[in-house]
Amino acid sequence: MKLYLFSLLVFLIGCAYVSDDEQKKEKYDVDVSNAGTVSFMVVDLESDEIIVSHNESKRLIPASLTKIFTTAAAFEKLGADYRFKTKFMMSGASENSLARNLIVVGGGDPSLGSSTFSETKPHNIFSKLKSELSEAGITSINGDVVIDPSIYNGIKYPSKRIWEDMANYYGAVPSGLSFKENTFQLTLSSPQNVGGQCKIINCEPDIGKNWECFVNSAANNKDSAYIYGHPEMDTWYVSGSIPSGRSQFTIKGAMPDPALLFGRELKSFLQKNGIKVQGQVRIGGLEEYEEIKLIYEHLSPSMLELCKIVNKKSNNLFADHILYQLAISDEKDANWDNASLLLNDIWSKALPNSTANFYDGSGLSPFNRFSASDMVKVLTYMEKSDNKEAFLSSLSIAGEDGTLRNLLKDEGIKGRFIGKSGSMQEVLTYSGYITTEGGKRLAMCIMVNGFTEPYSGLRSRITNLIEEIIRKN
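Here the structure is a predicted model, which is why all the values come from computation and not from measurement.

Colleague: Would you explain the sheet that holds strand β14 (residues 235–243) in this entry?
Modeller: Strands sit in the order β12-β14-β13 across an open sheet of three strands; the sheet is mixed. Two strands bound the open sheet, and with one partner strand each, they are β12 (210–218) and β13 (224–228). If you compare each strand with its neighbour and ignore which way they point, the axes differ by 10° on average. In this structure, β13 lies alongside β14, joined through five bridges in antiparallel fashion. Looking at β14, one finds that Tyr226 is bridged to Ser239.

This is the structure:
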């Protein structure tokens, strides 16, 4: 069986030379220049037998498989029922029902204002606050709306990200008070002629930046436009291409200051719903005030529900927020360095001889590294954890949901692989649990880096490999 699977692996990676001696030893040389580098391992969870492996200790770029380490650590350290808290407070009230200041203290909730959950949508949160203010007899705020995002501190952007990612929605970074997944929409129009100059129509919400557009129209249906900028830049740029002949084509960017946007939208809502706000929206802290009183505490969905978004939808922002919260739970300042070092420390202690190294919790950094063996160790660890069921329910089910919904859809195969996928330029990775037709339960990880063929072809061969493992064991 092992020899058969190794032969299938050779077919997967292509362009491999296998001598008679190597075949006897079940070892293979991969032509990296044509097929890239593969790290692959499958282990029987009951017997600990290695079903098949190839370069299992080779450390590669894992892309979003990093999220498995992050969410597993969250279940272990924070628990499936953990919830982020956002506190709405006032600095005092006078006899004529005037609150001096409304203070919102961010708790690092990645779902605040997200449309993913009903209870996190802005209108529902604001309505609950308005109800609590009315119940407390507050009809007007004669001071400011003060937003305190100071739970997260330090440099906003991680040093190990690439410039192209930072201002695009998938590269949005955590804030002590994140809002609407820290995402804005930029709408462009494109001319009919290919190669023509595109125009910016609208930015919603307005992020207060000037724009320069270098986007051209293209003869395809791809979104190949990228936004460039950081909060301290007055002028942001967008370049690349979008399909030609579009009156409106929307791309998404990373919001530079979500805390202020939250404050502005909150003030506007209160004004429209009968509570006057005399002052301004600004960033501040609780230390400025005396006689602080809690009005309303908003709780996020549970860690289990958040981790489902991380693993099934591969949400980078949610993953990095969870990474930051691990640092806070360990009584460390929440910043990229502390949080990443803590994730490394958690798994180096839990997994003997782990070679994993992390610079974020999402896998967006191309500097993250671990091997297929490292990943299989994590999967084995979580199989024996008290948090096993929560962790399993956060993963995608092949043929059914999440990023694996289009994988292994045939009857008899669908649902037999649950796990996570990952991809970035010249990186394609899969990991998770396999239930074979013979009833075996296996842990699997395959990572391919540096390949030159189309993703579709490589993905198809990986799918065939997983299917063969399911059918032949």
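Text resumes after the structure shown.
Colleague: Would you mind going over the nonpolar core with me for this structure?
Modeller: Most often, soluble globular proteins have nonpolar side chains that are buried together. Ranked by size, the top nonpolar core spans 58 residues in total, and within it Phe69, Trp347, Phe370, Met375, Val378, Phe391 and Tyr433 carry the most contacts. Those elements that provide at least two residues to this core are β3 (37–44), α4 (66–77), α8 (303–313), α9 (316–329), α10 (336–350), α11 (372–383), α12 (388–393) and β22 (441–449). Sort the elements by how many residues they give to this core and α9 lands first, with seven residues. If sequence neighbours within four positions are ignored, Tyr433 has contacts with Leu45, Leu379, Met382, Glu383, Phe391, Leu392, Leu395, Arg416, Phe417, Ile418, Arg441 and Leu442. Counting 44 residues, the second-largest nonpolar core is a separate cluster that includes Leu177, Phe184, Cys213 and Met255.

Colleague: Explain the packing of aromatic side chains here, please?
Modeller: What describes a pair of aromatic rings is the distance from one ring centre to the other and the angle between the planes of the rings. With the rule as written, the count across this model stands at 23 aromatic pairs. Both rings, one in Phe69 and one in Phe358, keep their centres 4.9 Å apart while their planes meet at 55°; by these two values the pair is tilted. A residue pair is termed long-range when its members are at least 10 positions apart, and Phe69 in helix α4 and Phe358 in the loop between α10 and α11 qualify at 289 residues. Each of the two residues, Phe69 as well as Phe358, counts as buried. One cation-aromatic arrangement involves Lys252 over Tyr169; the distance from NZ or CZ to the ring centre is 4.3 Å. Against the face of Tyr433 rests Arg441, its NZ or CZ located 4.7 Å from the ring centre.

Cut-offs and rules
- Residues numbered from 1 in each chain as written.
- Predicted model: local features only at pLDDT ≥ 70, side-chain atom pairs only at ≥ 80, totals over all residues.
- Heavy atoms only, no water.
- Pairing = 2+ DSSP bridges.
- Helix = DSSP H or I, 4+ residues; strand = E, 2+ residues; numbered from the N terminus.
- Axes fitted to C-alpha atoms, helices over the stretch in contact; angles between N-to-C directions.
- Core = buried A, V, L, I, M, F, W, Y, C linked by side-chain atoms within 4.5 Å.
- Buried < 20%, exposed > 50% of the residue type's maximum accessible area, 1.4 Å probe, protein only.
- Contact = heavy atoms within 4.5 Å.
- Phe/Tyr/Trp six-rings, centres within 6.5 Å; stacked < 30°, edge-to-face > 60°.
- Lys NZ or Arg CZ within 6 Å of the ring centre and 35° of its normal.

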